[in-house]
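Single-letter residue listing:
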Amino acid sequence: MRYVMILVGDESKWFDPELGPELMAEVGGWWQKWFEAGKIVQGGAELGPSSTAKTIGAGPGGAPEVTDGPYVELKEVVGGFILLDVDDLDEAVAVASGWPGIAALGDRVELRPEMVR
């Protein structure tokens, strides 16, 4: 089964220079462990700051309208996503539970199954 790990947190913490090198080393170790185990699918992405986002929605008369920033202004934003290929939800939870940002920054991980149609 394929699941998407959606990484969510307070983006102001993601760029703290004091946490940067140590946390990135931890993330690299986590990534290597699960990629070598065949649980991470090539793909996924770290996203740029929410301040660089553009949101497109229906404007007056239904025509597309572009606005600056994320869809909603929240303290927590999506910072990236990782594609998992696991046996079941329990294994997805086991992989995601070790995400270094949870302990270091208070991030949360949302897991969703990939929709296959």
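Everything here concerns the structure above.
Residues numbered from 1 in each chain as written. Predicted model: local features only at pLDDT ≥ 70, side-chain atom pairs only at ≥ 80, totals over all residues. Heavy atoms only, no water.

**Student:** Can you lay out the overall build of the protein chain for me, pointing to particular residues and giving the numbers?
**Tutor:** A tally of helices and strands in the protein chain yields three helices and six strands. Along the protein chain, from the amino end to the carboxyl end, the secondary structure elements read β-α-β-β-β-β-α-α-β. Projecting the C-alpha coordinates of the protein chain onto the three principal axes gives extents of approximately 50 × 45 × 20 Å. In the protein chain, which comprises 117 residues, the proportion classed as buried is 30%. In the form shown here, the protein chain has an accessible surface area of approximately 7800 Å², with 57% of it arising from carbon and sulfur atoms. Here the protein chain contributes 9 positively and 20 negatively charged side chains, and the mean placements of these two sets differ by 5 Å. (Helix = DSSP H or I, 4+ residues; strand = E, 2+ residues; numbered from the N terminus. Buried < 20%, exposed > 50% of the residue type's maximum accessible area, 1.4 Å probe, protein only. Areas by Shrake-Rupley, 256 points an atom, 1.4 Å probe, with all protein chains shown as cover. Lys, Arg positive; Asp, Glu negative; His and termini not counted. Charge placed at Lys NZ, Arg CZ, Asp CG, Glu CD.)

**Student:** Please give an account of the packing of aromatic side chains that cites residues and values.
**Tutor:** The relative placement of two aromatic rings is captured by the distance of their centres and the angle of their planes. Across all of its chains, the model carries two aromatic pairs by this definition. With 4.9 Å between their ring centres and 90 degrees between their planes, W30 and W99 make a pair best called edge-to-face. Taken together, the residues span a long stretch of sequence, with W30 in helix α1 (residues 20-36) and W99 in the loop between α2 (89-97) and α3 (100-105) at a distance of 69 residues. Overall, the relative accessible area of 10% leaves W99 in the buried class. Joined through ring pairs, the aromatic side chains of W30, W31 and W99 make up one cluster. (Phe/Tyr/Trp six-rings, centres within 6.5 Å; stacked < 30°, edge-to-face > 60°.)

**Student:** A description of a negative patch on the surface should follow, citing residues and the corresponding values.
**Tutor:** The grouping of D85, D87, D88 and D90 at the surface amounts to a negative patch. You can see D90 is positioned in helix α2. Take D90: its relative accessible area is 60%, and that puts it in the exposed class. (Patch = residues over 30% accessible without salt bridge, like charges linked within 9 Å, V, L, I, M, F, W, Y side chains within 5 Å. Salt bridge = Lys/Arg side-chain N within 4 Å of Asp/Glu carboxyl O.)

**Student:** Describe the layout of surface pockets, listing the residues and the values that go with them.
**Tutor:** Size it by volume and the largest pocket reaches roughly 490 Å³. Together, 24 residues line the largest pocket, and L7, M24, V27, E46 and W99 are the ones closest to its centre. When residues of the lining of the largest pocket are traced back to their parent elements, those giving at least two are α1, β2 (40-46), β5 (76-85) and α3. With five residues, α1 is the single largest residue contributor to the lining of the largest pocket. (1 Å grid on protein atoms, 1.4 Å probe; cavity = no way out; pocket = protein on both sides within 12 Å on 5 of 7 lines; lining within 4 Å. Points joined across faces, edges and corners; volume = space filled by probe spheres on them.)

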